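Descriptive structure summary
One letter stands for each residue in the lines below.
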Amino acid sequence: MSATLTEPRQIPDLSLGEKLSGLSAIRRDQVAFLSKAVEKYGDVFRMRLLGNPLVMLNHPDHVHRVLVENRENYDKENFLYRTVRPVLRNGLIGAIGGESWHRQRRLMQPSFHRPKISAFADTMTEETAAMLGRWHQRYRDGDVAAVVPDVGHIALRIVTRNLFGADVGPTTEAIENDFTYANQIMGDFFRFPFPPLHWPTPSHLRLRKLIANLDRFVAEMIEQRNTRSDGSPTLLSILADAVDEETGHRMDSVQLQQEVVNIMVGGYETTTGAASFLLYLIAKHPEVQERMHAEITEVLDGRQPGFDDVAKLTYTRMVVDETLRLRGPAWQTMRRAVGPDEVGGFGIDANTGIYINFYTMHRHRDFWPDPERFDPERFAPQAVAERPRNAYIPFGSGLRVCIGKHFALTELMIIATMIVQQYRLVLPDNHPPVGLDQLVTLRPKHEVLLRLERR
Ligand code: HEM
């Protein structure tokens, strides 16, 4: 029949006014800008993010096409990953793709399988217990605490202890500050990418220094090659000894160093944001918190959670999932189409930049009624089964799905469970909205202040 039926549809473009005002609007509030554009143009449209032409995709089927079905056609040669590459270099997160990425992923994947995570969970419990011990000393019943620095501290200790062994000492605190600052610099750059990162401005020089500190710290840790406190191998040793069964290949020391930095970035930055939002949302919804507490009491009967308990805490997991829907810290990604493709009937030319924003996707009105409402019931098994795959992807999807997904989920579950077991979290009256710090990752903009009532 007629060729017009099969001809790709034209991708709508933002108006000239929107393009011109977009630059400052995005700097002010990227989420608001994108939400408005989705409202007006729907699931597929062309836009510019800081001068970079992109096609935004907001429908699960379209995202499925790019990340899963035709995944070999899309790589990470794009503006977002160029921004973070000075820190991540050729490690797994930012690696462009292709055979060298495949080989690395194959080599590293077994280190994140279930039995390994089960060993890592003990550290998660120990660090959370240590934090609760500090809270008991520092706060009286009903005191108000700023929780973000504390969860950030344990997130970094959990990842570094699992990577490097027994204890990493006070250096972690310096590294923690360096991390936060580097994220700030890169986040600012991402919102306004001028001057280029290789220009020696004071903040870019500072970023280089932070990266050098981090490299030095990781190199020292690799040199020491400790074991964990129970004598079992560290994640670092597991990675260093890993052999690719297909090729017999092992990582060289430069690659190992870069992968360790990637795991630290992946394991610290995102988990801190997620845990902070999680505690905030639990406090904001007392009825949800009480139901969690009842479940925790029933499953654990007062003891500390272990890895095997996590799967039994089904309601708590629904709360974590709903938090990651509304406030997933990895809130955006980009790809480049290597060759041409057709997505949902729209033609995509070779070399097109693709932008996917999980924040807007996770509010798509076709799949999330009353999207701003915090409702863990959305993750009851029946509700999950009724949604398309890829309507919910806080850890990405397809080939490049987060390697640390089970690590992160176990950690969030253990932290939330142990805190709610011992404390009722209460949002003080007139707590201002915590807001969104829209950096490379998403974090609370303002302090999360919670009243800690002993149970
Ligand atoms: C709540 C916590 C976390 C969230 C929301 C998260 C989210 C994500 C997302 C969305 C991606 C895919 C990005 C893309 O497709 O462009 C990713 C990749 C990755 N994440 Fe995570 N992540 C979390 C925790 C972790 C942890 C704990 C680790 C390590 C221990 C980790 C290590 C990585 C690595 C290495 C990759 C790159 C995988 C690859 O491309 O092969 N992440 N993460």
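Residues numbered from 1 in each chain as written. Predicted model: local features only at pLDDT ≥ 70, side-chain atom pairs only at ≥ 80, totals over all residues. Heavy atoms only, no water.

As annotated in an unreviewed UniProt entry, the protein is Cytochrome P450 from Streptomyces lasiicapitis.

Here we look at the sheet that holds strand β4 (residues 144-146)
Applicable threshold: When DSSP finds at least two bridges between two strands, those strands are taken to pair. Only DSSP runs of H or I reaching four residues or more are called helices, and only runs of E reaching two or more are called strands; each is numbered from the N terminus. Axis definition: a line fitted to C-alpha atoms, limited for helices to the stretch in contact. Angles are taken between N-to-C directions and run from 0 to 180 degrees.
Read from one edge to the other, the open sheet built from 3 strands follows the order β4-β12-β9, with strand pairing classed as antiparallel. Edge strands, defined here as strands with exactly one partner in the open sheet, are β4 and β9 (423-426). The sheet shows a mean angle of 40 degrees between the axes of neighbouring strands, taken without regard to direction. Direction of pairing for β4 relative to strand β12 (residues 449-454): antiparallel, over a ladder of 3 bridges. Directly across from Val144, in β12, lies its bridge partner Arg451.

A look at the pattern of salt bridges
Counted only if it meets this: Salt bridges are counted wherever a side-chain nitrogen of Lys or Arg sits within 4 Å of a carboxyl oxygen of Asp or Glu. Note on exposure labels: buried denotes an accessible area under 20% of the residue type's maximum, exposed denotes more than 50%, and partly exposed covers the range between, all computed with a 1.4 Å probe on protein chains only.
Within this structure, the stated rule accounts for 29 salt bridges. Notably, a salt bridge pairs Arg65 with Glu69, separated by 3.0 Å at the nearest N-O pair. Residue Arg65 and its partner Glu69 are located together in helix α2 (residues 60-69), separated by 4 residues, close to a single helical turn. What makes Glu69 exposed here is its relative accessible area of 53%. Between Arg373 and Asp370 there is a salt bridge, with the nearest N and O atoms lying 2.9 Å from each other. Among the residues examined, Arg373 registers a relative accessible area of 39% and is labelled partly exposed. The partly exposed category is assigned to Asp370, whose relative accessible area is 47%.

Notes on the site of the ligand
Formally: What makes a residue near a molecule or strand is one non-hydrogen atom of that residue sitting within 4 Å of it. Definition of a polar contact: a pair of N or O atoms within 3.5 Å, with one able to donate and the other able to accept a hydrogen when the atoms are protein atoms, and with sequence-neighbouring residues admitted only if both atoms are side-chain atoms. Under this grouping Gly is polar, as are all residues other than the nonpolar Ala, Val, Leu, Ile, Met, Phe, Trp, Tyr, Cys and Pro and the charged Asp, Glu, Lys and Arg.
In the neighbourhood of the ligand, 27 residues make up the surrounding shell, with Tyr81, Arg105, Thr333, Arg335 and Cys402 lying closest. Taking Tyr81, its side chain carries an N or O atom lying 2.4 Å from an oxygen atom of the ligand. At a separation of 2.7 Å, an oxygen atom of the ligand approaches a polar side-chain atom of Arg105. When residues of the shell around the ligand are traced back to their parent elements, those giving at least two are α4 (98-108), α10 (253-284), β5 (332-337) and α16 (405-422). Top element by residues in the shell around the ligand is α10. It accounts for 5 residues. Among the residues making up the shell around the ligand, the classes are represented as 17 nonpolar, 6 polar and 4 charged.

Description of a nonpolar patch on the surface
The line we're drawing: Two joining distances apply to patches: 9 Å for like charges and 5 Å for nonpolar side chains (Val, Leu, Ile, Met, Phe, Trp, Tyr), and every residue must have over 30% relative accessible area and no salt bridge. What sets the accessible areas is the Shrake-Rupley method with a 1.4 Å probe; for residues, cover comes only from the shown protein chains.
Residues Leu23, Phe192, Phe194 and Trp199 make up a contiguous nonpolar surface patch of roughly 390 Å² in combined accessible area. With respect to the helices and strands, Phe194 occurs in the loop between α7 (171-191) and α8 (202-224). On the basis of relative accessibility, which here comes to 53%, the residue Phe194 falls in the exposed class.

Brief notes about helix α6 (residues 148-164)
Think of an α-helix as turning once every 3.6 residues; residues three or four places apart then point the same way. So the rule is basically this: Working rule for helices: expected span equals 1.5 Å times residues minus one.
For α6, spanning 17 residues, the distance from its first C-alpha to its last is 24 Å, which sits close to the expected 24 Å at 1.5 Å a residue. In terms of residue burial, α6 counts as a mostly covered element, since 16 of its 17 residues are buried. Once α6 ends, the next one or two residues include Gly165, with phi positive near 110 degrees.

Observations regarding the pairing of strand β2 (residues 52-57)
For β2, the buried fraction is high: 5 of the 6 residues fall into the buried class. As paired strands, strand β1 (residues 44-49) and β2 are joined by 6 bridges and run antiparallel to one another. Opposite Leu49, over in β2, you have Asn52 as the bridge partner. In sequence, β1 turns back onto β2 through a hairpin of 2 residues, with Leu50 there showing a positive phi of about 55 degrees.

A few points about the sheet that holds β2
The condition is simple: Residue contacts are defined here by distance: any two heavy atoms, one from each residue, within 4.5 Å place the two residues in contact.
In spatial order, the strands read β1-β2-β8-β5-β3; together these 5 strands make up an open sheet with mixed pairing. The outermost strands of the open sheet, each flanked by one partner alone, are β1 and β3 (74-75). Pairing of β5 with strand β8 (residues 353-357) involves 5 bridges; the strand directions are antiparallel. Bridge pairing in β8 links Arg336 to Gly353. Seen against the sheet, α2 touches β1, β2, β3, β5 and β8 and runs at an angle of roughly 120 degrees to β2. Relative to the sheet, helix α3 (residues 79-88) contacts β2 and β5, its axis offset from that of β5 by approximately 110 degrees.

A short note on empty space enclosed by the protein
Stated formally: Here a cavity denotes grid points, spaced 1 Å and computed from the protein atoms alone, that fit a 1.4 Å probe unable to get out, and a pocket denotes an open set having protein on both sides within 12 Å along at least 5 of 7 lines; residues with an atom within 4 Å of a point are the lining. Grid points are joined across faces, edges and corners, and a volume is the space filled by probe spheres set on the points.
Counted under the stated rule, the structure contains 2 cavities of 30 Å³ or more. Empty space within the second largest cavity amounts to approximately 40 Å³. Residue lining of the second largest cavity: Leu324, Arg325, Leu326, Gly328, Ala330, Trp331, Phe358, Tyr359, His362, Arg363 and Pro394, and that is the complete set. Taken together, the elements giving at least two residues each to the lining of the second largest cavity come down to α13 (314-327) and α14 (358-361). In terms of residue count, the dominant contributor to the lining of the second largest cavity is α13 (3 residues). Residues of the lining of the second largest cavity, tallied by class, amount to 7 nonpolar, 2 polar and 2 charged.

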